[in-house]
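Here is how the chains run, residue by residue.
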Amino acid sequence: MLQVCLNGSRSPREHFHLPVRPEELAKAAADAVAAGATDIHLHPKAPDGTDSLDPHLVAATLRAVRAAAPGIPVGVTTTAWTAPDAATRVQAIRSWTVLPDHASVNWHEPGADDVAAALLERGIGVEAGIHSGTDADQQFHRSPHRTRVLRILAEVTDLTARGAATTAEALLDRLHPAPAPILLHGEAAGAWPVLAVAARRGLATRIGLEDTLTLPDGQIAADNAELVTAAVAALSGGAR
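Note that this is a predicted model, so its numbers are computed, not measured.

Following His 176, the chain continues into Pro 177 via a peptide bond in cis, with omega recorded as -5°. Looking at the element boundaries, Pro 177 is found in the loop between α6 (164-175) and β7 (182-185). Of note, Ala 188 is a non-glycine position whose phi angle comes to about 50°, a positive value. Counting through the fold element by element, Ala 188 comes out in the loop between β7 and α7 (191-201). The exposure class of Ala 188 is partly exposed, given its relative accessible area of 31%.

Below, the discussion takes up the packing of α6 against α7. Following both chains from N to C, one finds α6 and α7 inclined at 45°, their axes separated by 8 Å at the closest point. The angle between α6 and α7 places the two elements in the oblique class. Every pair of crossing elements has a handedness; the one defined by α6 and α7 is right-handed. Contact residues: Ala 164, Ala 165, Ala 168, Glu 169, Leu 172 and Asp 173 in α6; Pro 193, Val 194, Val 197, Arg 200 and Arg 201 in α7.

Basis of the calculations
Residues numbered from 1 in each chain as written. Predicted model: local features only at pLDDT ≥ 70, side-chain atom pairs only at ≥ 80, totals over all residues. Heavy atoms only, no water. Helix = DSSP H or I, 4+ residues; strand = E, 2+ residues; numbered from the N terminus. Buried < 20%, exposed > 50% of the residue type's maximum accessible area, 1.4 Å probe, protein only. Axes fitted to C-alpha atoms, helices over the stretch in contact; angles between N-to-C directions. Parallel < 35°, antiparallel > 145°, perpendicular 65-115°, else oblique. Left-handed = near helix turned anticlockwise from the far one by under 90°. Contact = heavy atoms within 4.5 Å.

What follows is the structure in structure tokens.
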């Protein structure tokens, strides 16, 4: 599985084609799927570019993206920067009128179990975000929801091209035995080395402007679709 992460917590100031509005996310999603993405992760955003769990914004974004990329699973974030208080995030989830297929929950953040429970109560798949360099793996292994998640989102936060692959292998070792399928991904200069680890391991992975702005050769990517095209080529090579 190749997931495209369309925007993340970035602002449009960081990339000229970063999608923010529902219609921009819809086009970016359609282009990424045409390039080979099979799953979508996005951050619904307010008009000022800040991440939001507001039910109206979530509904408008999901409707637009699903119309542009029918049949493709769409997930959203529930990270703490959308609302620092977990209870506020739980309340927002319970107020959603249009539901995503899945949502990510960072297990190193306070209240992760409560947020995951609210998602599961609504029938929304949970991506368990386990960041390297945190105790999230320990928190997750103690969670009552560990066997109910859709997948584990193993995120390598080592931003260096030299160290990210080693950090990825160490994170995978810490997660073993995993109670759910793993999606492994990196960030910044570590994104492409970690994607190569995922290819070697036969794991799901992701790419997109949330994780990196650059192609494997270091050039700035034109958009999410160009990143997906490069990832498909890299994964095909790694599978041989």
